[in-house]
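Report on the structure
Letter by letter, the chains look like this.
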Amino acid sequence: MYKVTLKVRNQQFEYNCAPDQTPLRAARNEFIPFPTGCQRGGCGMCKMKVLEGEYKQELERSHEALSNEELANGFALACCMTVKSDLDIISAADYEDQLKKASLEEAK
């Protein structure tokens, strides 16, 4: 079992995830509010920025949901990945909000 720390909707959750399970499925099993849609790599609602940890992203996915550039920059689809170590992830929306806030702070 690996520990996943998830930041989503301005909240933080910690839960366990088995190596053969996706972070999305493990969170849903714990009733953690995880953004989700198709659960097959097509919609991109579960796109996460991986802040720390190792994982394997399945390459069968919609490139509109997760581009090769995003994949190279540490983004992943939680419905199509498996955890290989403890993981620290943040939803793409929360990550963008975090970047905007940091940018505003720098502008002051």
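Just above sits the structure.
On a predicted model such as this, the values are computed, not experimentally measured, just so you know.

1. So, the sheet that holds strand β3 (residues 47-52)
- Taken in spatial order, the five strands of this open sheet run β2-β1-β7-β3-β5, and their pairing is mixed. Edge positions in the sheet fall to β2 (11-17) and β5 (75-77), since each has one partner strand and no second. Mean inter-strand twist for the sheet, computed between neighbouring axes without regard to direction, equals 35°.
- Set on the sheet, helix α3 (residues 92-107) makes contact with β1 (2-8), β3, β5 and β7 (87-91); between it and β7 the angle comes to about 80°.

2. With respect to the pattern of salt bridges
- Under the counting rule described, the total for this entry stands at two salt bridges.
- Put simply, K7 and D88 hold a salt bridge, and the shortest N to O gap is 3.2 Å. Pair noted here: K7 is in strand β1 and D88 is in strand β7, with a separation of 81 residues, a long-range link.
- Residue classification places D88 among the buried residues on the basis of a relative accessible area of 19%.
- Note that E70 and K47 form a salt bridge whose closest N and O atoms lie 2.8 Å from each other. With a gap of 23 residues between them, E70 in helix α2 (residues 68-72) and K47 in strand β3 connect regions that are remote in the sequence.

3. Structural notes on the pairing of β2
- In terms of strand pairing, β1 meets β2 through seven bridges, oriented antiparallel. For T5, the partnering residue across the bridge sits in β2 and is E14.
- Here β1 folds back onto β2, and the loop between the two strands holds two residues, one of which, R9, carries a positive phi near 55°.

About the cut-offs
- Every chain is numbered independently, its residues counted from 1 as its sequence is written.
- Residues qualify for local features only when their pLDDT is at least 70, as the model is predicted, and side-chain atom pairs are given and counted only at 80 or more; totals for whole chains, interfaces and linings, by contrast, use all residues.
- By convention in this description, side-chain values take in all heavy atoms of the structure and omit both hydrogens and water.
- DSSP-based pairing: two strands are paired if at least 2 bridges between them are found.
- Here a strand is any run of E in DSSP of at least two residues, a helix any run of H or I of at least four, and the numbering for each starts at the N terminus.
- Whenever a helix is involved, its axis is fitted only over the stretch in contact; in every case the axis is a line through C-alpha atoms, and angles between N-to-C directions fall within 0 to 180 degrees.
- The contact criterion used throughout is that any non-hydrogen atoms of two residues lie within 4.5 Å.
- Should a side-chain nitrogen of Lys or Arg be within 4 Å of a carboxyl oxygen of Asp or Glu, the pair is scored as a salt bridge.
- A simple rule labels every residue: compare its accessible area, found with a 1.4 Å probe on the protein chains alone, to the largest value its type can have, and call it buried under 20%, exposed over 50%, or partly exposed in between.

Read these as layout, nothing more, since geometry by itself doesn't imply function.
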